[in-house]
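Observations on chain architecture
One letter stands for each residue in the lines below.
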Amino acid sequence: MKKWIMMLCFALIASIIVPQSPANASTNFKDIGDTHRAKAEITFLVEKGFVNGVSNTHFVPSRQVTRAEAAAMLGRSLGLNGTKQNTEFSDVGAGNFASGYIKEMVKKGVISGYPDGTFKPNTVLKRGEMAVLINKAFGFGGTSLSGAATNLMNKGIAQGFPDGTFGTEATIIRADFAVFLARSLNESFRVKPGEVSFSTTMYVNTGSDTLNMRSAPSNSGKVISKLKSGTAVGVGTSSNGWSNIRVNGVVGYVATSYLSTTKPGSVLPSPAPIGGSDLTVILDPGHGKQDSGGIGNGYMEKNVVLNIGLHTKSYFDKTPINVKMTRTSDTFMELRDRAKFASKNNGDIFVSLHTNAFNGTANGQETYYYAKTAATNPNVKQSRALAIYLQNRMMEAWPTLRNRGVNPNNSAGNYAVLRENTVPAALVEMGFIDNSTDIKYIGSEAERKKMGRALFLGTLDYFYNYEGRTDILPYYSTVSGSPAKKLH
């Protein structure tokens, strides 16, 4: 059985990188639309036969690249002999789809194995390793991680992260590898030194409101345009909560939190609250500004949780329930001040939003509450109930992730936002940002919107089932939802 499973795995991997004949090569991938940031580069590589889709219909741009795949794509682009053959590595036999390219790349000194005699063909490639490989393959000169990265940026082949780093330890995905490889082969794809490339397409997502486009990255910048929700913009750089964008030839700045990677559907104006509500929900997107939180797969926790928090708020905005957020942009608040925020704003519950990180080896969702009755927060039973309802709805939204459960936060972490709060409080860890499985949800705007809906429903479940607030029952209809079962 194991032998057959391995054969199927190798067949699947081979289908990714073995080029089709020119007559059969296809660039009409369903997941690479005309506005995709790497559309031109991927088309160029596929037409040259250097890279192929996972299937005839999907390229899977967000999938990570392995060492074997990188060797094969670079080898083909260099015109090397890819005939399968035995290699010097114990884990790369003649049956490996990339064995020929690996052997030829080793001969040329472009790639090497490990001291134990292995090549580790299925290990995921990191951005720093990619930079060194491309430098060696195309003779750019960089042999160290920093030197190779600097060369690629100076040549307009690669760009760093918004925080000013190259991200040498971040893993490389197929879309990015395609961009770097195409720019190495064809200078017309490169970004000119000092030029901002507005090649990433995103969409304004403000519901029924418009978004101010300003002359400078601050609220004091002059408003030069008002953008409707759904407007496509070209994004250059993003930093400190602001993005440099271009629309119809006009360049300016907008708040990053109001941009999404998918075009929002038609948004109807939120119904005006009738009679108001005595309930107030406190949403706390963790981290912010200088505190990025966890980092993985090209994403920063502070941006992800803010995005989900704003989605959650958008659902509450369709009801009379009051919502207060500890931050609505890339700002920072001390932990104790976040806890005090709830009492200052007469909050009824407090929900802190986070994602996890642990060297890419852990995955799943979990929710915490503080369980010591002698602490500042005496609402242990209420906090536990809130945590359970939130956890259940999170698993409902992203069902294939591991359920790590609801946990009392007494010693592990001992979160101040829970310990020092004065209202029922829970902290959600929605997934591991550095995990290859969890990022499929975390990295998707559509899935983040689902998570916002899940957190909204989880709080309604708490108010309706635990607090007995039947007045909130109609609010489920705003998202075509229904109450969860009451806890026993």
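Notes on the structure in this doc start here. (Residues numbered from 1 in each chain as written. Predicted model: local features only at pLDDT ≥ 70, side-chain atom pairs only at ≥ 80, totals over all residues. Heavy atoms only, no water.)

**Considering the overall build of the protein chain**
Short version of the rule: Each helix is a run of DSSP H or I of at least 4 residues and each strand a run of E of at least 2, with the numbering of both proceeding from the N terminus. Buried means the residue's accessible area, taken with a 1.4 Å probe over protein chains only, is under 20% of the maximum for its type, while exposed means over 50%, and partly exposed covers the values in between. Here, two residues are considered to be in contact whenever any of their heavy atoms come within 4.5 Å of each other. Residue burial considers only the protein chains on display, and all accessible areas are found by Shrake-Rupley using a 1.4 Å probe.
Scanning the protein chain from N- to C-terminus turns up 13 helices and 15 strands. Within the protein chain, the fraction of its 488 residues that count as buried is 49%. Across the protein chain, contacts joining residues at least 24 apart in sequence account for 71% of those joining residues at least 6 apart. As displayed, the protein chain has an accessible area near 22,400 Å², and 51% of this comes from carbon and sulfur atoms.

**What about the pairing of strand 13 (residues 365-369)?**
For the record, the criterion: At least two DSSP bridges between two strands are needed for those strands to be called paired.
With five of five residues buried, strand 13 lies mostly within the body of the structure. Here strand 13 shows no split at all, with Q365, T367 and Y369 on one side and E366 and Y368 on the other all buried. Bridging between strand 13 and strand 14 (residues 403-408) involves four bridges; their strand directions are parallel. Bridge pairing in strand 14 places Y368 opposite N407. As paired elements, strand 13 and strand 15 (residues 425-432) share three bridges and run antiparallel to each other. What sits directly across from T367, in strand 15, is V428.

**Some points on the pairing of strand 11 (residues 322-325)**
Residues V323 and M325 of strand 11 are buried on one face, while the alternating residues N322 and K324, pointing to the opposite face, are not. Where strand 8 (residues 280-285) and strand 11 come together, four bridges link them in parallel fashion. In the strand pairing of strand 11, I282 is matched with K324.

**A short note on the pattern of salt bridges**
We apply this condition: Salt bridges are defined as contacts in which a side-chain nitrogen from Lys or Arg sits within 4 Å of a carboxyl oxygen from Asp or Glu.
Considering all chains together, one arrives at 16 salt bridges under this definition. Among the ionic pairs, K126 bridges to E169, the shortest N-O distance being 2.7 Å. You can see K126 sitting in the loop between helix 4 (99-107) and helix 5 (127-138) and its partner E169 sitting in the loop between helix 6 (145-154) and helix 7 (174-185), a full 43 residues away along the chain. Shared partners join several salt bridges into a network, and the residues in it are D278, R469 and D471.

**Brief notes about the side chain of T66**
When you line up the elements, T66 lands in the loop between helix 2 (39-48) and helix 3 (67-77). Its relative accessible area of 14% is what places T66 among the buried residues. When near neighbours in sequence (up to four residues on either side) are disregarded, T66 contacts P121, N122, T123, V124 and L125.

**Concerning the sheet that holds strand 15**
Short version of the rule: Angular values range over 0 to 180 degrees, each being the angle between N-to-C directions of two axes fitted as lines to C-alpha atoms, with helices fitted over their stretch in contact.
Read across the open sheet, the six strands follow the order 11-8-12-15-13-14; overall the sheet is mixed. Of all the strands in the sheet, just strand 11 and strand 14 have a single pairing partner and so form its edges. Between one strand axis and the next, the sheet turns by 20° as a mean value, whatever way the strands run. Here helix 8 (residues 301-316) sits on the sheet and contacts strand 8, strand 11, strand 12 (349-356) and strand 15; the angle it forms with strand 12, its principal contact strand, is near 145°. Lying on the sheet, helix 9 (residues 335-344) is in contact with strand 8, strand 11 and strand 12; it crosses strand 8 at an angle near 165°.

**Describing helix 7**
What counts, and what does not: Take the number of residues in a helix, subtract one, and multiply by 1.5 Å to get its expected span.
Taking 1.5 Å of rise per residue, 12 residues should cover 16 Å, and helix 7 covers 16 Å from first to last C-alpha, within 8% of that figure. Among the 12 residues of helix 7, 11 are classified as buried, and the element is accordingly described as predominantly covered. Every buried residue belonging to helix 7 is among R174, A175, D176, F177, A178, V179, F180, L181, A182, R183 and S184, and all of these are buried.

**Things to note about the packing of helix 3 against helix 5**
Test applied: Any angle that falls under 35 degrees is termed roughly parallel, while one over 145 is termed roughly antiparallel, one within 65 to 115 roughly perpendicular, and all others oblique. Crossing handedness is read from the near helix: turned anticlockwise from the far helix by less than a right angle, it gives a left-handed crossing, and turned clockwise, a right-handed one. All residues other than Ala, Val, Leu, Ile, Met, Phe, Trp, Tyr, Cys, Pro, Asp, Glu, Lys and Arg, Gly among them, are scored as polar; the first ten of these are nonpolar and the last four charged.
Interaxial distance between helix 3 and helix 5 falls to 11 Å at its minimum, and their mutual angle equals 20°. As judged from the angle between their axes, helix 3 and helix 5 are roughly parallel. Crossing of helix 3 over helix 5 shows right-handed handedness. Residues A70, L74 and S77 of helix 3 form the contact with helix 5, whose own contacting residues are L133, I134, A137 and F138. Across the contact of helix 3 with helix 5, the residue classes break down as six nonpolar, one polar and no charged.

**Quick look at unusual backbone geometry**
One non-glycine residue, K120, lies in the positive phi region at around 55°. Note on placement: K120 falls in the loop between helix 4 and helix 5. The class of K120 is partly exposed, set by a relative accessible area of 29%. Despite not being glycine, N359 shows a phi value in the positive range, around 55°. Following the sequence through the fold, N359 ends up in the loop between strand 12 and strand 13.

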